[in-house]
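# Working through the structure, step by step
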Amino acid sequence: MSTSSDIKMVDTPEGIEGQGFFATKLDTVVGLARANSLWPLPFATSCCGIEFMATMASHYDVARFGSERMSFSPRQADMLLVMGTIAKKMAPILRQVYEQMSEPRWVIAVGACASSGGIFDTYSVLQGIDKVIPVDIYVPGCPPRPEQILDGIMRLQELVKSESVRRRSSPEYQELLASYNIS
Amino acid sequence: MSDLLLPPEHRYAKMIEQRQNEDGSELSILNLGPTHPATHGIFQNILLMDGERILDGEGTVGYIHRAFEKIAENRPFYQITPLTDRMNYCSAPINNMGWWMTLEKALDIEVPKRVQYMRVIIMELARIADHIICNSVLGVDTGALTGFLYVFQYREKIYEIYEEICGARLTTNMGRIGGFERDWSPAAFRKINEFLDEFPKIWGEFESLLTRNRIFMDRTIDVGPISAEKAMSYGFTGPNLRAAGIDYDIRVMKPYSSYEDFEFDVPVGKSGDTYDRFCVRNAEVWESLKIIRQAVDKMPEGPFHANVPDYYLPPKEEVYNNMEALIYHFKIVMGEVPVPKTEVYHAVEGGNGELGFYLITDGSRTPYRLHFRRPCFIYYQAFNDMVRGQMLSDAIATLSSLNVIAGELDA
Amino acid sequence: MALKTSVIQEKLESKFGDKVTGFTQVKDIFSFEVAPEANNEVMRFLKEDPALRFNFLTDVCGVHYPDEQPERQFAVVYHMHNWFDNIRIRFKCFLNGENPEIDTVTGLFLGANWQERETYDFYGIIFKGHPQLKRILNMDEMVSFPLRKEFPMEDGGRTDKDDRFFGRVTDNATQINQE
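Residues numbered from 1 in each chain as written. Chains lettered and ligands numbered in written order. Predicted model: local features only at pLDDT ≥ 70, side-chain atom pairs only at ≥ 80, totals over all residues.

Taking an unreviewed UniProt entry as the reference, chain C is identified by name as NADH-quinone oxidoreductase subunit C belonging to Flavobacterium cyanobacteriorum. According to UniProt, the comment filed for chain C under the heading Subcellular location (unreviewed entry) is "Cell membrane". (UniProt positions renumbered as here; feature names shortened; annotations may be inferred.)

As annotated in an unreviewed UniProt entry, chain A carries the name NADH-quinone oxidoreductase subunit B and is attributed to Flavobacterium cyanobacteriorum. Under Subcellular location (unreviewed entry), UniProt gives the following word-for-word description of chain A: "Cell membrane". If you open the UniProt record of chain A and go to Catalytic activity (unreviewed entry), you find "a quinone + NADH + 5 H(+)(in) = a quinol + NAD(+) + 4 H(+)(out)".

### What about the overall build of chain C?
In terms of regular secondary structure, chain C is built from four helices and seven strands. Counting helices and strands in the order they occur from the N terminus, chain C gives α-β-β-α-β-β-β-β-α-β-α. Per-residue burial over chain C gives 37% buried out of 179 residues. Within chain C, contacts between residues at least 6 apart in sequence are counted, and of these 50% link residues at least 24 apart. (Helix = DSSP H or I, 4+ residues; strand = E, 2+ residues; numbered from the N terminus. Buried ≥ 20, exposed ≤ 12 C-beta atoms within 10 Å, placed from the backbone. Contact = placed C-beta atoms within 7 Å.)

### Things to note about the packing of helix H5 (residues 113-141) of chain B against helix H17 (residues 392-402) of chain B
Residues and elements named next belong to chain B. As a packed pair, H5 and H17 sit with axes 8 Å apart at the nearest point and diverge in direction by 170°. Classified by the angle between their axes, H5 and H17 sit roughly antiparallel to one another. Mapping the contact onto sequence places Val137, Leu138 and Asp141 in H5 and Ile396, Ala397, Ser400 and Ser401 in H17. Split into classes, the residues belonging to the contact of H5 with H17 amount to four nonpolar, two polar and one charged. (Axes fitted to C-alpha atoms, helices over the stretch in contact; angles between N-to-C directions. Parallel < 35°, antiparallel > 145°, perpendicular 65-115°, else oblique. Nonpolar A, V, L, I, M, F, W, Y, C, P; charged D, E, K, R; others polar.)

### A few points about the UniProt feature "domain: NADH:ubiquinone oxidoreductase-like 20kDa subunit" (unreviewed entry) in chain A
According to UniProt, the positions carrying the feature "domain: NADH:ubiquinone oxidoreductase-like 20kDa subunit" (unreviewed entry) are residues 47-156 of chain A. Between the C-alpha atoms that bound residues 47-156 of chain A there is a distance of 22 Å. The span itself is 34% helix and 12% strand.

### With respect to the nonpolar core
Within the largest apolar cluster, 214 residues are counted, with the highest numbers of intra-cluster contacts made by Leu80(A), Leu81(A), Val82(A), Ile108(A) and Val110(A). Considering every element that reaches this core, the biggest residue donor is H5(B), with 15 residues. Each of domain 1 (2-60) and domain 2 (68-410) of chain B accounts for three or more of the residues forming this core. (Core = buried A, V, L, I, M, F, W, Y, C linked by C-beta atoms within 7 Å. Domains from an automatic or database assignment.)

### So, the sheet that holds strand E5 (residues 106-110) of chain A
Residues and elements named next belong to chain A. In space, the four strands of this open sheet follow the order E3-E4-E5-E6, with parallel pairing throughout. Strand pairing shows two members of the sheet lacking a second neighbour, strand E3 (40-44) and strand E6 (137-139), which therefore form its edges. Sheet twist, expressed as the mean angle between neighbouring strand axes with direction ignored, is 20°. In the sheet, E5 pairs with E6 via three bridges, with the strands oriented parallel. By the bridge assignment, Ile108 is partnered in E6 with Ile137. (Pairing = 2+ DSSP bridges.)

### Here's the deal with the interface of chain A and chain B
In this complex, chain A contributes 28 residues to the contact, which on the side of chain B involves 27 residues. At the level of secondary structure, the elements contributing two or more residues to the side of chain A that touches chain B comprise helix H2 (47-56) and helix H3 (91-100) of chain A. Per-element accounting of the side of chain A that touches chain B gives the leading share, four residues, to H2(A). In the side of chain A that touches chain B, the residues fall into 16 nonpolar, nine polar and three charged.

### Some words on the environment of Glu198(B)
On the secondary structure map, Glu198(B) appears in helix H7 (residues 186-210). With 12 C-beta atoms counted inside 10 Å, the residue Glu198(B) sits in the exposed group.

### Description of the interface of chain C and chain A
In this complex, chain C contributes nine residues to the contact, which on the side of chain A involves eight residues. In terms of residue class, the side of chain C that touches chain A is made up of three nonpolar, one polar and five charged.

### Notes on the pairing of strand E2 (residues 44-50) of chain B
Residues and elements named next belong to chain B. Relative to E2, strand E1 (residues 28-32) runs antiparallel, the two sharing five bridges. From the neighbouring strand, Ile29 faces E2, where its bridge partner is Leu48. In this structure, E2 lies alongside strand E3 (residues 53-60), joined through seven bridges in antiparallel fashion. Among the inter-strand pairings, Ile46 is bridged to a residue of E3, identified as Glu58.

### Description of unusual backbone geometry
Residue Pro104(A) is reached from Glu103(A) by a cis peptide bond, and omega for that bond is -5°. Tracing the backbone through its elements, the reader meets Pro104(A) in the loop between H3 and E5. Even without being glycine, Asp61(A) reaches a positive phi, approximately 55°. Here Asp61(A) is to be found in the loop between H2 and strand E4 (79-83). Although it is not a glycine, Ser257(B) adopts a positive phi angle of roughly 50°. Turning to its location among the elements, Ser257(B) is positioned in the loop between helix H11 (250-253) and helix H12 (274-298). Ser257(B) gets classed as buried once you count the C-beta atoms within 10 Å, which come to 21.

Structure (structure tokens):
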């Protein structure tokens, strides 16, 4: 049974505190909320998917990081975890899944195959998912250990925390999406 | 996204047009996959549905085609294991050992008894790991997440044993031509013994959660059945064939790696339905535990690799101090170890059935042709036959119980 | 072993004459060659003959031999297994390099369906009478038959990996260097 000492709270962000009030930037609060409730969309195609199963199962328990709810619908997910080789036949589907996700959306490329094609430098394999969709975090390994996947998620949390609320409407971001032909 | 819709000339389009139900309802098409959460891997099934009932289905595979066979033609023989690892990644060591045995058959290498026993242990552990995934995920698909969370804890223990032996968890790249890269540490044996002591209780509890569970039985009995004749014609092997009532097991038919030294039963089912497949896999885990126990108890002393300096890397201290060893080391590392011209087919009992390696060599440093007989690929084509006339939810359970591994399916 | 390989050879030779040739024992498997037009009959005979009883088609695959004579450039290899006497055999049908065609065996074994499609996908070998002969693993739009020896393993159109950084020099690069 958990005691109150087992429950870890996030640190209070920087702000002004007084009697009965606490003031901070909206960005920080939104970032904090988003970072600690990232809903993953596991896009598992091969070996790394099995390691992700281990990550979400009891031993490693990704739920500890606020990613309790596996969202198998792209519409209600924040974090696309691409795990495994993406063949060229699969690339349009991956792209479609990404397009279906609503903003804000983040992508983690888990494993060597998703990051760069890995050992499969062949006619049928896409050499890294960043050819078709933008990627925020790359997790190396073939396959990565669950600890590494968790590390990737925690680094994404850092990214999410520090992201400006307006980033998604910035011209740089629009340009990035335009370079992938995603509107 | 019009290009993702069914083309108008597709035969289903015509069937929808022709068929009018009495109550005015129409047939519809359901796209199951390629990224459906219930398909555990990526393959597409276009299902023609009449309400909830499946009239017909058409499978599309190849979404994770990685060209193993082409890569294999460009790799030295000892660099094939990274590929076999990633073929059936749920039971990578079986694939690795199968490949080494194929190569040893081509080179006529006798391996020591100790190596054979070690291989048996590692292959049976891999089989348990494979069956844990399949059966626990079948539980998840029929609505019972408990079993999955419970047994995955113990799957980690198997990974820990792998780690102790070779350093990796999933894609083990284990073994060398003629044996293992190093002898197993006492810690490895200790971990295996611990696993053998602890796991039976866990597996017993897992079984008792599902085997006589009324909901689970209702969801799986008579779901996705296949007759023995049909299964045979479709090229079924492994647990799925045994569930249909044929006791075909390569470990018994043509024992490799000293399987003849061990006492074990081959569990068979009767009707070839989802429940039987589940039960056969469950029973196989018990048999595997029995085999591992015997192998650990009877483990002979001796070298952990065959004496084949042409193919087996010499120890590092000899490489630095001994001219001959240095030459061998150089030749092997550079991949200049030609295999005489020959053809071999070797099959092992993989997690899903007969895992065959058909190797043609032409005397050069790479295989001329290497074909993998991938059990998943061959039996998955029966899926549409098995679910025809069933409910959609039954199709999910059937698919899950077939244990189709995308990596193995698509090569 | 109940069934002797000499019996298999005798039976096949008396039934099919010179359409079956090259009987040899390679390692642990008895192998022979079958004329491509007879593959179906031979397989049916192997399957249905009460003494042979090769009831299981283990594997179908293709092989490309570009250096052979034109009429022997492709081979389709069948592995069959007799579960009653536990004996395996392998037979090959050599095909013409220009126009590789062979009859399908899907009528005998349902499992041959996808294996033949895979062989078609990899080698472009046409299986006549196949119910649905189209690509299975690769995209339908693909024009090459990737496992033929003349096609490279790597994707020619890739731009992400600069060969100079991988210690590989392409023909193009050498030319530039020489200039």
